[in-house]
Amino acid sequence: MSKLHRKIYSYSFLVPAAIVYIIIFIVPTFLSFFFSLTRWTLSDWEYIGLDNFITFFKEPYLSIGFRNTFIYAVVTCGLKVVLGLLLGVLLTGALRIKNYLRSVVFFPTLVSTIAVGITFSVMMHPTTGLINETLSFFGIKGPDWLGNPSIALLSVAMVDVWKGVGFATVIYIAGIMSIPEQNYEALQIDGGGSWHKFWHIILPLSRPATNSVIILAFIGGLRSFDLIWAMTKGGPGFSTDVIASIIYKQYQAGFYGLSTAGNVILFLFVSLLAFPLSRFLTRKEVDL
Amino acid sequence: MSRKGRLLTIEIVSVALSIILFWVPLYFVILTALKNPQEAARMNLDWPTEIRLWQNIKEVFVFRDYMLVRAFWNSTLLTVLSIVVLTVVSSMAAFVMQRRQDKASPWISFFVLAGLIIPPAVVPTIWVLNGLGLFKTMTGLVLVEVALGFPFCVMLYRGFMGTIPKDIDEAAVVDGYGGYRLFFQIIFPLLKPVTSTIIVTQAVVIFNDFVNPLYFLPGSKNVTLQLTLYNFTSQFISKWNLLFTDILLITIPPLILFIFFNKRIVAGMVAGSVKG
């Protein structure tokens, strides 16, 4: 059977996918390690050692990307976990309108990120924007959401959560629905309330869903580019620049080696944070 | 408060929140698309004095020599071609990856799953495409979408393939089927549920993709919908009505998918995330 096995399940099935995947994804990934060490014009390169990386750490308008990327990933991921869990509990409960709410929460994940970014940046306009107009109706002077460097990144992060929380919610709904019924029966016998039910059954038993949401949202947050680019282009100044937007800016400016160094840094950033995180989370899962 | 009263309170609060957070932004987009430039520039929720939706649509379409029409065509072409290639190559790969276990399997899995996490290296990819003569071509962009969507699709296909019993393969072999006939005539049709999930989720992802066309298909001749929208923000200054008409038009295809395939999309996202 094993010879037949090899003939039926021939590796030739992998060939079409492998050609595309290796040439377009794997090869450039390996090449990036080399080109990040060069001054590069696409037709010619000059080896310059770690200069690009040193520039990245030394220049404030580049190194701000580390801080911003990290903040953005932590804030969006944290809010998606908390809100996704709350919505997941709410939308698996007794509400009569849960189908309506599910659709409303989920629909933004399907809308173009650029469209969402433009719409919200218009609504966040400091004087004529809908948000501040409404606030001033109640006598509150709203901030310049995207123009104030100390809150611009958080404003974009809020829009990211608005758009992405539906995805987290859907994962939580699936996780909560797969909790076996007998757990709730045991609770009824012991006579616990709904808070007890949340804390002792839903929260620990939806742990796999939490892990998925954390890992996906965190990696997504580290890599995010299009929403930030549509809303602020990294500004004002460099206050909302993340590693991905710096890669694009350096590419546009023709600093291909520096841009690729940014790519390698993002690669290391994602690997160094995401792999240990997923290890840590899945180990805890086994402990339960 | 009674249990019923509490439920009603939660329902009222959540409907109110859904109106503020969801319907108001949507209403704002639609309303601005109906307005004339002066009224749209005020960015408020006042009802327009004249409804100009049809005229706005016409103006957006003819803008820059029917750029939006070209963009609709390019985005549709990109989405359809990428999905056709993706479903075929990933289902084939998943078939062997799920059925065959030997020394190479863990390595293959590792390299494929790494694609879910690792950010693609942009400029080296451009360099490779350029060397192949595929930079700034639709073919090149399709290949990029295939390479980047491949890990997710393989994961979905492999998960589903596990539920198809191997007995089927053995029976087919006894009947004299070879590997390719077995796959294309028997296995691939059985994968239909997951294929349709992949089609709708990837359609949304590729149709809405902004980053890859931005890097790999620059130039106004090949522009895609997301790029037109992005470029219009600088070209439609003080013409917010046209910008929002564009947003409205671009949101219609995902809306249609949502109305018809909501359950499939949700199923695909859950399956993909839980296994990953």
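Residues numbered from 1 in each chain as written. Chains lettered and ligands numbered in written order. Predicted model: local features only at pLDDT ≥ 70, side-chain atom pairs only at ≥ 80, totals over all residues. Heavy atoms only, no water.

1. Things to note about the overall build of chain B
Counting secondary structure elements, chain B contains 12 helices and 0 strands. Along chain B, helices (α) and strands (β) appear in the sequence α-α-α-α-α-α-α-α-α-α-α-α when read from the amino end. Dimensions of chain B along its principal axes, counting C-alpha atoms only, are 75 × 65 × 30 Å. For chain B, buried positions account for 50% of its 276 residues. Here the analysis covers contacts within chain B between residues at least 6 apart in sequence; of these, 71% occur between residues at least 24 apart. With the model as given, the accessible surface of chain B reaches about 12700 Å², and the carbon-plus-sulfur share is 69%. Distance between charge centres in chain B, computed from 22 positive and 14 negative side chains, equals 3 Å. (Helix = DSSP H or I, 4+ residues; strand = E, 2+ residues; numbered from the N terminus. Buried < 20%, exposed > 50% of the residue type's maximum accessible area, 1.4 Å probe, protein only. Contact = heavy atoms within 4.5 Å. Areas by Shrake-Rupley, 256 points an atom, 1.4 Å probe, with all protein chains shown as cover. Lys, Arg positive; Asp, Glu negative; His and termini not counted. Charge placed at Lys NZ, Arg CZ, Asp CG, Glu CD.)

2. Notes on the overall build of chain A
Assigned secondary structure in chain A consists of 14 helices and 2 strands. When burial is assessed residue by residue, chain A has 51% of its 288 residues classed as buried. Contacts in chain A between residues at least 24 apart in sequence constitute 67% of all its contacts with a sequence separation of at least 6. A total of about 13500 Å² of accessible surface is found on chain A, and carbon and sulfur atoms cover 67% of it. Where the 20 positive side-chain charges of chain A centre and where its 14 negative ones centre are 7 Å apart.

3. Regarding the UniProt feature "domain: ABC transmembrane type-1" (unreviewed entry) in chain B
Per the UniProt entry, the sites bearing "domain: ABC transmembrane type-1" (unreviewed entry) are residues 72–261 of chain B in this numbering. End C-alpha to end C-alpha, residues 72–261 of chain B measures 21 Å, and it is 79% helix and 0% strand. (UniProt positions renumbered as here; feature names shortened; annotations may be inferred.)

4. Notes on the pattern of salt bridges
Applying the stated criterion across every chain, the model contains 7 salt bridges over all chains. Here Arg96 of chain A makes a salt bridge to Glu11 of chain B, at a shortest N to O gap of 2.7 Å. On the criterion of chain membership, the pair formed by Arg96 of chain A in the loop between α4 (60–91) and α5 (98–106) and Glu11 of chain B in helix α1 (residues 3–34) is interchain, its members lying in two chains. Among the residues examined, Arg96 of chain A registers a relative accessible area of 60% and is labelled exposed. Across the pair Arg52 of chain B and Glu59 of chain B runs a salt bridge, and its minimum N-O distance is 3.6 Å. In this structure Arg52 of chain B comes out as buried when scored by relative accessible area, which is 12%. (Salt bridge = Lys/Arg side-chain N within 4 Å of Asp/Glu carboxyl O.)

5. What about the interface of chain B and chain A?
Taken together, the contact pairs 94 residues of chain B with 80 residues of chain A. On the surface where chain B and chain A come into contact, there are 1 salt bridge. At the surface where chain B touches chain A, the tally comes to 20 residue pairs in polar contact (both at pLDDT 80 or more). A total of 16 residues in the side of chain B that touches chain A trace back to one element, the largest contributor, which is helix α12 (residues 240–275) of chain B. Looking at the side of chain B that touches chain A residue by residue, the classes come out as 70 nonpolar, 15 polar and 9 charged. (Polar contact = N/O pair within 3.5 Å; in protein donor to acceptor, adjacent residues only side chain to side chain. Nonpolar A, V, L, I, M, F, W, Y, C, P; charged D, E, K, R; others polar.)

6. Here's the deal with the UniProt feature "transmembrane region" (unreviewed entry) in chain B
Residue and element names in this part refer to chain B. In this structure's numbering, the residues bearing the UniProt feature "transmembrane region" (unreviewed entry) are residues 12–34, 71–95, 107–129, 141–161, 182–207 and 240–261. Measuring from the first to the last C-alpha atom of residues 107–129 gives 26 Å, for a span that is 83% helix and 0% strand. From the first C-alpha to the last, residues 240–261 spans 32 Å; its make-up is 100% helix and 0% strand.

7. Points about the layout of surface pockets
Approximately 1100 Å³ is the volume found for the second largest pocket. Trp162 of chain A together with Leu17, Ile20, Leu21 and Phe22 of chain B are the residues nearest the centre of the second largest pocket, which is lined by 36 residues in total. Elements represented by at least two residues in the lining of the second largest pocket include exactly α4, α5, α6 (113–123), α7 (130–137) and α8 (152–177) of chain A together with α1 of chain B. It is α1 of chain B that contributes the most residues to the lining of the second largest pocket, 10 residues altogether. (1 Å grid on protein atoms, 1.4 Å probe; cavity = no way out; pocket = protein on both sides within 12 Å on 5 of 7 lines; lining within 4 Å. Points joined across faces, edges and corners; volume = space filled by probe spheres on them.)

8. Points about α1 of chain B
All names here are of chain B. End to end, α1 covers 44 Å across 32 residues, agreeing with the expected 46 Å (1.5 Å per residue, within 8%). At Trp23, α1 shows its maximal kink, close to 40°; a proline, Pro25, follows between one and four residues later. Within the sequence span of α1, burial applies to Glu11, Ser14, Ser18, Phe22, Pro25, Phe28, Val29, Leu31, Thr32, Ala33 and Leu34. (Expected span 1.5 Å × (residues − 1). Bend = angle between axes of the 7 residues up to and from the residue.)

9. A few points about a nonpolar patch on the surface
Where nonpolar side chains cluster on the molecular surface, the patch consists of Phe30, Phe33, Leu268 and Leu272 of chain A together with Trp107, Phe110 and Phe111 of chain B and spans about 770 Å² of accessible area. Going through the elements one at a time, α2 (15–35) and α14 (256–287) of chain A together with α4 (105–117) of chain B are the ones with two or more residues in the nonpolar patch. With 3 residues, α4 of chain B is the largest single contributor of residues to the nonpolar patch. Examined against the element boundaries, Leu272 of chain A turns out to sit in helix α14. (Patch = residues over 30% accessible without salt bridge, like charges linked within 9 Å, V, L, I, M, F, W, Y side chains within 5 Å.)

10. A short note on unusual backbone geometry
Residue Pro236 of chain A follows Gly235 of chain A across a cis peptide bond; omega there is -5°. Mapped onto the fold, Pro236 of chain A is located in the loop between α12 (226–231) and α13 (243–252). Backbone geometry places Met43 of chain B, a non-glycine residue, at a positive phi of 55°. Structurally, Met43 of chain B is set in the loop between α2 (37–41) and α3 (53–99). We note that Lys136 of chain B has phi near 65°; this positive angle belongs to a residue other than glycine. The topology assignment puts Lys136 of chain B in the loop between α5 (122–131) and α6 (138–161).

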